[in-house]
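Here's the letter readout for the chains.
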Amino acid sequence: MTLPPVPKSAVLTLAEQTPRSSKRLLIVVLAAGESKRFEGAKLAQLIPSLSATETREQAIICTHVERLQQLHCQDLDLGRQDTHSPQYAPLLVILGAHQHVLQPLLAELHSRHSFDILINPHWHTGLASSVSLAASYAKEQGFDAMLLTLADQVALSADDYRQLILTWHETGKDVAAHYLDDLGVPAIFNASTLPLFTHLSGDRGAKSILKQQAQQGALVAITLPRAAIDIDTQADLASWLALKE
């Protein structure tokens, strides 16, 4: 499968972009899974998190949400002419199996910059139920697109997500990460693509839709090798922590 290249302008910083018509992007954090292979609430596990003033330990889910809030608070006003009223991209966190552990951990971040939390009552049926829930929310709220992220992709930086967003603004197409010779999330889906998510079931995520969109020339892929690193098992976490030392 031949993937469309990333346009050169996508590597520009957000400040260098020419203002465009306002588009509303919903950032979604998928965090409803049981983490069966991890045998516990993996997203509550502590990892080093670098703040502006110190390195501290923070739960995986909090590190992920805080990273996305950097985009939420600073970068997503491309379409606004009025700099006194910046447009923030709303953030949606979908919880499920470990909601009672994870939701309290998010309280401080929520108090800084409010975001929505949805509980997926069907989390046990697989990833597709969370993806479908996110798509339905984005459609109902009238968003132009949604950015799907996985909370356990611990190696991705804020700049990686900015690159996805810039490419979406530049091309108007769906945008996906390309790693391990395949398409995957994080990925941005336009509103016109969202109805396709109603047909997903079980543990099928967005990969089939990504491939379909790519075959139709409706998707741009960007290389994000760090997306290949995620935490599925205790051994994965130990390896990641060893790399951070």
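Everything below is about the structure shown above.
Residues numbered from 1 in each chain as written. Predicted model: local features only at pLDDT ≥ 70, side-chain atom pairs only at ≥ 80, totals over all residues. Heavy atoms only, no water.

A. Representation of the packing of aromatic side chains. Scanning all chains against the criterion turns up one aromatic pair. On the basis of an interplanar angle of 90 degrees and a centroid distance of 4.9 Å, the ring pair of phenylalanine 189 and phenylalanine 197 is categorised as edge-to-face. For phenylalanine 197, a relative accessible area of 1% translates into the label buried. Taking NZ or CZ as reference, lysine 23 lies 4.2 Å from the ring centre of tryptophan 168, over its face. Its end group placed over the ring of phenylalanine 143, arginine 24 keeps NZ or CZ at 4.1 Å from the ring centre. (Phe/Tyr/Trp six-rings, centres within 6.5 Å; stacked < 30°, edge-to-face > 60°. Buried < 20%, exposed > 50% of the residue type's maximum accessible area, 1.4 Å probe, protein only. Lys NZ or Arg CZ within 6 Å of the ring centre and 35° of its normal.)

B. Structural view of unusual backbone geometry. With an omega of 10 degrees, the peptide bond between valine 185 and proline 186 qualifies as cis. Along the chain, proline 186 falls in strand β8 (residues 182-190). The backbone of leucine 180 sits at a positive phi, close to 50 degrees, despite the residue not being glycine. Note on placement: leucine 180 falls in the loop between β7 (174-179) and β8. (Helix = DSSP H or I, 4+ residues; strand = E, 2+ residues; numbered from the N terminus.)

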